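Analysis of the macromolecular model
Below are the chains, spelled out letter by letter.
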Amino acid sequence: MTTVAFAEVPTPVGPFVLAVTEDGLVASGWGSEAALRERLRLPEAADPGRTTSVVEQLDAYFAGESRGFATPIDWRLTSGSRRKVLQTLYEIPYGTVVTYGELAARSGTGVPARGIGSIMGGNPLPIVVPCHRVVAGNGLGGFSGGVGVETKRWLLTHEGYLQPTLLDL
């Protein structure tokens, strides 16, 4: 029987909740543990050791000490074209971006750029599966995590893609 363990990580862009099954990180995001629990509907395991590695990797990412994640991913909340697009996105390196159209083409799914935006909005694993690295051809585009586009801007500045503004100094 699959179970899930939860952890909350304080970050510069707000509290971030993680859900980890025996197979790997299954969900993450801003908001409450209760919301993830409701979405997953899996029995909860009191197993803080299961989440330790992911917490440490996120802490290192936000401290600027790490540029990637080595945690196993449990893709159960995705399937078909959505899964293929998110798995393609997972390979986009730290500090780089792709447009919605570029991600559509790279994924080979036939999903149009508009559809990529919808998939990004439903990404169950933000930051680790870096939907913040997908931008519009004419600017940042949208972002549904944290406090919206300002969170996206912070993440891309943190990764060195965007230059800090006077407000960031």
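Right above here is the structure, for reference.
To start, this report covers the structure provided alongside it. Source: prediction; values computed, not measured.

**Details of the overall build of the protein chain**
Helix and strand counts for the protein chain stand at 6 helices and 5 strands. Reading the protein chain from its N terminus to its C terminus gives the helix and strand order β-β-β-α-α-α-β-α-α-β-α. Taking 15 Å as the expected radius of gyration for a compact globule of 169 residues, we find that the protein chain reaches 16 Å, a close match to that expectation. Across its three principal axes, the protein chain shows a C-alpha extent of roughly 45 × 40 × 25 Å. Looking at the protein chain as a whole, 47% of its 169 residues are labelled buried. Residue pairs in contact within the protein chain that sit at least 24 positions apart in sequence constitute 56% of those at least 6 positions apart. Carbon and sulfur atoms form 52% of the exposed surface of the protein chain, whose accessible area is close to 8,200 Å². If you average the places of the 14 positive and of the 16 negative side-chain charges in the protein chain, the two averages end up 10 Å apart.

**Points about the pattern of salt bridges**
As a working rule, side chains carrying opposite charge can pair if their charged atoms are close by. Summed over all chains, the structure comprises 9 salt bridges. Among the salt bridges present, the one from arginine 76 reaches aspartate 23, with a minimum N-O distance of 3.4 Å. Of the two residues, arginine 76 sits in the loop between helix H2 (48–62) and helix H3 (80–90) while aspartate 23 sits in the loop between strand E2 (16–21) and strand E3 (24–30), which places them 53 residues apart along the sequence. Given a relative accessible area of 35%, arginine 76 falls into the partly exposed group. The closest approach of N and O atoms between arginine 153 and glutamate 150, which form a salt bridge, is 3.5 Å. Highlighted residues: arginine 153 and glutamate 150, both in helix H6 (residues 149–158), separated by 3 residues, approximately one helical turn.

**Digging into the packing of helix H4 (residues 100–107) against helix H5 (residues 113–121)**
Following both chains from N to C, one finds H4 and H5 inclined at 95 degrees, their axes separated by 8 Å at the closest point. The pairing of H4 with H5 is recorded here as roughly perpendicular in orientation. Contacts between H4 and H5 involve Tyr100, Gly101, Leu103 and Ala104 from the first element and Ala113, Ile116, Gly117 and Met120 from the second. The residue makeup of the contact of H4 with H5, split by class, is 6 nonpolar, 2 polar and no charged.

**Some remarks on the packing of H3 against H4**
At a minimum axis separation of 9 Å, H3 and H4 run at an interaxial angle of 110 degrees. Comparing their axes, H4 and H3 come out roughly perpendicular. Every residue of H4 that contacts H3 at Lys84, Val85, Thr88 and Leu89 is listed here: Leu103, Arg106 and Ser107. Looking at the contact of H3 with H4, its residues break down into 3 nonpolar, 2 polar and 2 charged.

**Focus on the nonpolar core**
Of all hydrophobic cores here, the largest spans 35 residues; its most connected members are Leu58, Leu89, Ile116 and Met120. Elements supplying a minimum of two residues to this core: E2, H2, H3, H4 and H5. The element that contributes the greatest number of residues to this core is H2, accounting for 4 residues. Residue contacts for leucine 58: discarding those within four places in its chain leaves Val9, Phe16, Leu18, Phe69 and Ile127. One finds Ala19, Leu36, Leu40 and Leu42 within the second-largest nonpolar core, a separate group that totals 9 residues.

What counts and what doesn't
- The written sequence of each chain sets the order in which its residues are numbered from 1.
- Local features in a predicted model are, by the rule used here, given only for residues with pLDDT of at least 70; side-chain atom pairs are given and counted only at 80 or more, and totals for whole chains, interfaces and linings are based on all residues.
- Processing note: side-chain calculations cover all non-hydrogen atoms of the structure and skip hydrogens and water entirely.
- Only DSSP runs of H or I covering at least 4 residues are called helices, and only runs of E covering at least 2 are called strands; the numbering of each starts at the N terminus.
- Only the C-alpha atoms count toward the radius of gyration. The rule for a globule is 2.2 Å times the residue count to the power 0.38.
- Partly exposed describes any residue whose relative accessible area lies between the buried limit of under 20% and the exposed limit of over 50%, with all areas from a 1.4 Å probe on protein chains only and scaled to the type maximum.
- Should any heavy atoms of two residues lie within 4.5 Å, those residues are counted as being in contact.
- Per-residue accessibility takes into account occlusion by the displayed protein chains alone, with areas from the Shrake-Rupley method and a 1.4 Å probe.
- For the charge count, each Lys or Arg is scored as positive and each Asp or Glu as negative, with His and the chain ends excluded.
- All charge positions are set by atom: Lys at NZ, Arg at CZ, Asp at CG, Glu at CD.
- Take a side-chain nitrogen of Lys or Arg and a carboxyl oxygen of Asp or Glu: if they are within 4 Å of each other, that pair is a salt bridge.
- For helices, the axis comes from a line fit to the C-alpha atoms of the stretch in contact; other axes are also lines fit to C-alpha atoms, and the angle between any two N-to-C directions lies between 0 and 180 degrees.
- In this scheme, roughly parallel covers angles under 35 degrees and roughly antiparallel covers those over 145, while 65 to 115 is roughly perpendicular and the rest are oblique.
- Under this grouping Gly is polar, as are all residues other than the nonpolar Ala, Val, Leu, Ile, Met, Phe, Trp, Tyr, Cys and Pro and the charged Asp, Glu, Lys and Arg.
- Grouping buried Ala, Val, Leu, Ile, Met, Phe, Trp, Tyr and Cys residues that are joined through side-chain atoms within 4.5 Å yields what is termed a nonpolar core.

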